[in-house]
Amino acid sequence: NAGVTQTPKFQVLKTGQSMTLQCAQDMNHEYMSWYRQDPGMGLRLIHYSVGAGITDQGEVPNGYNVSRSTTEDFPLRLLSAAPSQTSVYFCASSPRGGSSYNEQFFGPGTRLTVL
Amino acid sequence: KNEVEQSPQNLTAQEGEFITINCSYSVGISALHWLQQHPGGGIVSLFMLSSGKKKHGRLIATINIQEKHSSLHITASHPRDSAVYICAATQGGSEKLVFGKGTKLTVNP
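Note that the coordinates shown come from a computational prediction; the quantities given were computed from them, not determined experimentally.

### As for the interface of chain A and chain B
Turning to step 1, where the next piece is worked out: Residue-level contacts link 20 residues of chain A with 18 residues of chain B.
Turning to step 2, where the next piece is worked out: When chain A packs against chain B, the two sides together hide about 1,600 Å² of surface, and 57% of this comes from carbon and sulfur.
Turning to step 3, where the next piece is worked out: Scanning the region where chain A abuts chain B turns up zero salt bridges.
Turning to step 4, where the next piece is worked out: Counting across the interface, chain A meets chain B through one residue pair in polar contact (both at pLDDT 80 or more).
Turning to step 5, where the next piece is worked out: The residue makeup of the side of chain A that touches chain B, split by class, is nine nonpolar, ten polar and one charged.

Printed below as a string of structure tokens:
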């Protein structure tokens, strides 16, 4: 199993550009989530999904969209990139019940710079 | 004030020392997670616990629900243990994880 994969590993955008960060898992996990990690701050939840077709907002959702059309994929879209979105982005997954009952599996991260 | 607080922020130890990292939380939780982030950036789950104690190799995690406190211990520390250790709590009634800011551990040979 590949686990949780993320693409790209690195990305540089100009302010106002849009892009999609890809996340996929091959463990048939129902729960998937996106986090951002900034220096001096803990990981913060952007959006999460408890199953295909179901998504909800986390702590810092503004400027990001998600959809979950399949169990495997959970892309994160930046609608109009801003320098404040410069960060490292992690995707994570876990089986049904999410983090209340299961360990989290993290992807390798995407380092995004917005100029 | 962050709902999950870790201490210390930074910790330097000599190889072989016993390490303790502390985590306090202010909300009711359904689970407490300990994660490890290596210098390369990848994040790995070490423990998930809701009561008592768990042990894996040289790592031990404990939780005291009444005191809202958890500790991660590393026995016989080794330079390869150098990493950032992150505590995260699942708030009761939700699936959302709230993270501490992490403890950067450096173990010198």
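### Describing the state of the cysteines
Turning to step 1, where the next piece is worked out: Counted by the stated rule, this structure contains two disulfides over all chains.
Turning to step 2, where the next piece is worked out: There is a disulfide in this structure between A:C23 and A:C91, and the S-S distance comes to 1.8 Å. The sign of the S-S torsion, about -70°, decides the handedness of the disulfide formed by A:C23 and A:C91: left-handed. Within this pair, whereas A:C23 is found in strand β3 (residues 19-25), its partner A:C91 is found in strand β9 (residues 87-94), the two being separated by 68 residues in sequence.
Turning to step 3, where the next piece is worked out: Here B:C23 connects covalently by a disulfide to B:C87, the sulfurs 1.9 Å from one another. Given an S-S torsion of about -60°, the disulfide between B:C23 and B:C87 has left-handed geometry. With a gap of 64 residues between them, B:C23 in strand β3 (residues 19-25) and B:C87 in strand β9 (residues 83-91) connect regions that are remote in the sequence.
Turning to step 4, where the next piece is worked out: Given the relative accessible area of 0%, B:C23 is considered buried.

### Some remarks on the packing of aromatic side chains
Turning to step 1, where the next piece is worked out: Tallied over the entire structure, the rule returns four aromatic pairs over all chains.
Turning to step 2, where the next piece is worked out: Geometrically, the ring pair formed by A:Y35 and B:F99 is edge-to-face, given 5.1 Å between the ring centres and 85° between the ring planes. Separated into two different chains, A:Y35 in strand β4 (residues 31-37) and B:F99 in strand β10 (residues 97-99) make up a pair that spans both. Neither A:Y35 nor B:F99 differs from the other in exposure class; each is buried.
Turning to step 3, where the next piece is worked out: A network of ring pairs unites the aromatic residues A:Y35, A:F106 and B:F99 as a single cluster.
Turning to step 4, where the next piece is worked out: Note that A:R68 overlies the ring of A:F74, its terminal NZ or CZ placed 6.0 Å from the centroid.

### Here we look at the sheet that holds strand β7 (residues 64-66) of chain A
All names here are of chain A.
Turning to step 1, where the next piece is worked out: Taken in spatial order, the four strands line up as β1-β3-β8-β7 in an open sheet, and their pairing is antiparallel. The outermost strands of the open sheet, each flanked by one partner alone, are β1 (4-7) and β7. Averaged over all pairs of adjacent strands, the angle between strand axes in this sheet comes to 20°, irrespective of strand direction.
Turning to step 2, where the next piece is worked out: Two elements, β3 and strand β8 (residues 76-78), share three bridges in a ladder whose sense is antiparallel. Residue pairing for β8: L21 is matched across the bridge by L76.

### Some details on the environment of A:S94
Residue and element names in this part refer to chain A.
Turning to step 1, where the next piece is worked out: The topology assignment puts S94 in strand β9.
Turning to step 2, where the next piece is worked out: Since its relative accessible area comes to 0%, S94 is described here as buried.
Turning to step 3, where the next piece is worked out: Considering only alpha carbons, one finds S94 and V50, 44 residues apart in sequence, at a separation of 9.5 Å.

Definitions and limits used
Residues numbered from 1 in each chain as written. Chains lettered and ligands numbered in written order. Predicted model: local features only at pLDDT ≥ 70, side-chain atom pairs only at ≥ 80, totals over all residues. Heavy atoms only, no water. Contact = heavy atoms within 4.5 Å. Buried area = accessible area lost by both parts, 1.4 Å probe. Salt bridge = Lys/Arg side-chain N within 4 Å of Asp/Glu carboxyl O. Polar contact = N/O pair within 3.5 Å; in protein donor to acceptor, adjacent residues only side chain to side chain. Nonpolar A, V, L, I, M, F, W, Y, C, P; charged D, E, K, R; others polar. Disulfide = S-S within 2.5 Å. Helix = DSSP H or I, 4+ residues; strand = E, 2+ residues; numbered from the N terminus. Buried < 20%, exposed > 50% of the residue type's maximum accessible area, 1.4 Å probe, protein only. Phe/Tyr/Trp six-rings, centres within 6.5 Å; stacked < 30°, edge-to-face > 60°. Lys NZ or Arg CZ within 6 Å of the ring centre and 35° of its normal. Pairing = 2+ DSSP bridges. Axes fitted to C-alpha atoms, helices over the stretch in contact; angles between N-to-C directions.

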